Structures are given as C-alpha cells and as structure tokens.
Amino acid sequence: EEIAAASEVLESLLKLVTLIGLVIIAFGYAYSQLALDIYGGSLLSGGSGPVLLRFYCLYVLLLAINGVTECFTFASMSKEEVDKFNYIMLGLSLSFLCLSYYMTSWLGSIGFILANCFNMGLRITHSLYYIWKYYRDSPYRPLSGLAPSPVVICVLVVSAAVTGYSEVIK
C-alpha cells in the first residue's frame, strides 16, 4: 500500500514538473527577449541575454525533474546506497568542473549552462535507473509521468510555433 501511494505521488510530481518545464520552454523561447526588455531594458535584451535565458529554460526543466527524482532516490535508499551515491556525486562534480571549464572556454556563458544541463542529465539518468530498478518487480510505473500525452505535446508545439513566429514578425 505504501509503495502504491509512493508510486502515485512520484508519477503525479513527475507529470507536474514535466508539464511546467515544457510550458516554460515553449513560451520562454519566444518571450525571452521581451521578458528581459521589460525587466532590464535594452541593456539586458540587446546582447546575449535572450540566448542565455532560452538555454536556461531547458535547464529549469532538467532541474525540476532532477529534484523530484533525486528526492525519491535519497528517500528510498539505504545508508550504504547513499554512501555509494555520494562517491558517484563526487565523480559527477569533478566531471562537471572539467566540462564547465572547457565548454565555457569554447562557448562562453552558454557553455556553462550546457555543462549544467549535461550534469543534470547524468544525475537524472542515475536516479531514473534507480527508480526503474526499485519498481521493476511491481506493477507500478511511476516513470510514465515523464511522458506527456500526445495532445499536450501537440498543443505545446503549436504554441511554441505561434509564439516563435510572433517574436519574428514583431
């Protein structure tokens, strides 16, 4: 009964953060320049600010998914598994430092955001694998919360296309 409740809550949270993150991406791409123009004027919206904010929208989605999946992972791990995971996190931190140094040298500030995205992707992958193993022998599939319905995907794609077009013709 507790596993069923945990699965339902995890699936609902994953649906929520995925939907919110995809909405942020769909509308954030087109309206990054406008948001920065309203917030800080042409100083922020004229340079690389809109591009950085567009990439940051992706990072927000990954950050939200990572928060939910790691929360479940840590809550359900034994002490030995947490200790082992801390070593994995140390390795991920070192790889992030190296990757952020090289990507920042290569792509500038966008490289730093992309390095963060890559790091979050690795952390999410580890957590998803743990959750998959945790529920492997049960009838519950909480990771299905990461996949939005086709109708939602279509609506977000159309919204992104319309808002992107409106940004171009402004």
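Residues numbered from 1 in each chain as written. Predicted model: local features only at pLDDT ≥ 70, side-chain atom pairs only at ≥ 80, totals over all residues. Heavy atoms only, no water.

1. Digging into a nonpolar patch on the surface
On the surface, a cluster of nonpolar side chains totalling about 520 Å² of accessible area is made up of Leu19, Val23, Phe27, Tyr31, Leu34 and Ile38. Take Ile38: it is sitting in helix α1 (residues 2–40). Here Ile38 falls in the exposed class, since its relative accessible area comes to 67%. (Patch = residues over 30% accessible without salt bridge, like charges linked within 9 Å, V, L, I, M, F, W, Y side chains within 5 Å. Areas by Shrake-Rupley, 256 points an atom, 1.4 Å probe, with all protein chains shown as cover. Salt bridge = Lys/Arg side-chain N within 4 Å of Asp/Glu carboxyl O. Helix = DSSP H or I, 4+ residues; strand = E, 2+ residues; numbered from the N terminus. Buried < 20%, exposed > 50% of the residue type's maximum accessible area, 1.4 Å probe, protein only.)

2. Examining the environment of Ile113
Within the secondary structure layout, Ile113 lies in helix α5 (residues 109–135). Sequence separation between Ile113 and Leu53 is 60 residues, and the spatial gap between their C-alpha atoms is 9.6 Å. Not counting the four nearest positions on each side in its chain, Ile113 is found in contact with Leu52, Phe55, Tyr56 and Tyr59. (Contact = heavy atoms within 4.5 Å.)

3. Here we look at the packing of aromatic side chains
In the structure shown here, the tally under the stated rule is nine aromatic pairs. On the numbers, 5.0 Å between centres and 75° between planes, the contact of Phe74 with Phe85 is edge-to-face. Of this pair, Phe74 sits in helix α3 (residues 49–76) while Phe85 sits in helix α4 (residues 79–107), and the two are eleven residues apart along the sequence. Ring centres of Phe96 and Phe112 lie 5.9 Å apart, and the angle between their planes is 55°; this geometry places the pair in the tilted category. Taken together, the residues span a long stretch of sequence, with Phe96 in helix α4 and Phe112 in helix α5 at a distance of 16 residues. We classify Phe96 as buried; its relative accessible area is 16%. Judged by its relative accessible area of 40%, Phe112 falls in the partly exposed class. In textbook terms, an aromatic cluster arises when at least three aromatic residues are bridged by ring pairs, as seen for Phe72, Tyr130, Tyr134 and Tyr135. (Phe/Tyr/Trp six-rings, centres within 6.5 Å; stacked < 30°, edge-to-face > 60°.)

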